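Close look at the chain arrangement
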Amino acid sequence: MAGRLEGRVAFISGAARGMGRSHAVALAAEGADIIAYDICAPVHAQGAPASDEADLAETVRAVEALERRIVSAVCDARDHDAVRTLLDRGVDELGRLDIVVANAGINGPGVTLANHTYEDWAAVIDTNLTGVFNTVHAALPHLVAAGHGGSIILISSSLALRPAAHFGAYTTAKHGVVGLMKSLAVELGQHSIRVNTVHPTGVNTDLLVNDSTFKLFRPDLEAPTKDDVMDSYYGLNILPVPWVEPSDVSQVVAFLASDDARYITGSMIPVDAGMSLK
């Protein structure tokens with residue numbers, strides 16, 4: 001049976017692993033071909049272990065295992081020209097563009113804003129907000145010129161719904177993503193292009209499950225482990241879970257990409273286990 005996205009093409013940033021890979025696989029499973037990129041290298045103020053080219057190759061393998069085509073490249077979301085060059089090549093090879101998932105992001109240093117350096121601030125804003133703009137901006141000429149509408153999905157965060165200490169630059173960028181989404185939704189509605197944000201709580205990926213984040217949640221311990229922080233992770237959410245899985249977010253992304261969501265635009269969709277209610 002054909003999937004909901006049969007014959008469509010999706011452009012995904014931060015696709016080497018975690019949510020990005022999950023989004024690529026979920027959309028491919030629904031029939032979409034994929035254009036994917038990731039920096040595959042450390043970024044200043046990343047706050048988590050970096051992905052690498054082997055990770056991106058695994059995303060390619062997973063999509064191709066679903067008998068879908070994929071165009072991939074190592075690319076930095078902060079580099080507008082590189083993002084545009086990749087997307088233009090992908091559209092040339094795959095023939096069209098229908099879906100954009102701006103997913104790439106970094107954590108930041110996990111300190112109060114008073115203790116932020118300018119370099120840390122710039123790294124987070126450049127990746128988590130300007131990088132989202134770059135991904136979308138490169139796609140707009142293709143989406144508008146094609147005249148068949150489309151869906152743009154920006155991955156924000158539950159911290160854009162309920163801020164927390166020590167994530168000031170990240171929270172600011174994710175709020176900015178909401179402003180970008182709403183502006184785009186107003187401007188692109190006439191072209192039947194829908195734009196929405198998705199707001200996950202903590203997700204079971206390397207961005208959350210790493211030694212730096214463990215230390216942030218348990219500064220009283222010299223070398224906290226995952227077991228040491230589980231109570232803190234559970235405490236973030238209303239539902240009795242420490243996090244959601246990447247596939248939980250990807251199911252919502254696939255819905256928003258499909259015609260099932262054809263009248264949803266300008267919306268902030270939480271996938272946060274109730275975190276924003278606490």
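The notes below deal with the structure included here. (Residues numbered from 1 in each chain as written. Predicted model: local features only at pLDDT ≥ 70, side-chain atom pairs only at ≥ 80, totals over all residues. Heavy atoms only, no water.)

With that settled, consider a nonpolar patch on the surface. Judged by side-chain polarity, Leu 113, Tyr 118 and Trp 121 come together as a nonpolar surface patch covering roughly 350 Å² of accessible area. By the secondary structure assignment, Leu 113 is in the loop between strand S4 (99-102) and helix H4 (118-146). (Patch = residues over 30% accessible without salt bridge, like charges linked within 9 Å, V, L, I, M, F, W, Y side chains within 5 Å. Areas by Shrake-Rupley, 256 points an atom, 1.4 Å probe, with all protein chains shown as cover. Salt bridge = Lys/Arg side-chain N within 4 Å of Asp/Glu carboxyl O. Helix = DSSP H or I, 4+ residues; strand = E, 2+ residues; numbered from the N terminus.)

Across the interface, helix H1 (residues 18-29) lies against helix H2 (residues 53-65) with an axial gap of 9 Å and an inter-helix angle of 15 degrees. Comparing the axis directions of H1 and H2 gives the class roughly parallel. Taken as a pair, H1 and H2 cross one another with a handedness that is right-handed. Residue-level inspection shows Arg 21, Ala 24, Val 25 and Ala 28 of H1 in contact with H2, the latter providing Asp 55, Glu 58, Thr 59, Ala 62 and Val 63. (Axes fitted to C-alpha atoms, helices over the stretch in contact; angles between N-to-C directions. Parallel < 35°, antiparallel > 145°, perpendicular 65-115°, else oblique. Left-handed = near helix turned anticlockwise from the far one by under 90°. Contact = heavy atoms within 4.5 Å.)

Summed over the entire model, instances satisfying the criterion amount to 13 salt bridges. The salt bridge partner of Arg 17 is Asp 206, with a shortest N-O separation of 3.3 Å. Of this pair, Arg 17 sits in the loop between strand S1 (9-13) and H1 while Asp 206 sits in the loop between strand S6 (193-200) and helix H6 (211-217); the two residues are 189 residues apart in sequence, bridging distant segments of the chain. Arg 17 sits in the buried class, given a relative accessible area of 19%. Taken together, the shared-partner salt bridges connect Glu 6, Asp 33, Arg 68 and Arg 69 into one network. (Buried < 20%, exposed > 50% of the residue type's maximum accessible area, 1.4 Å probe, protein only.)

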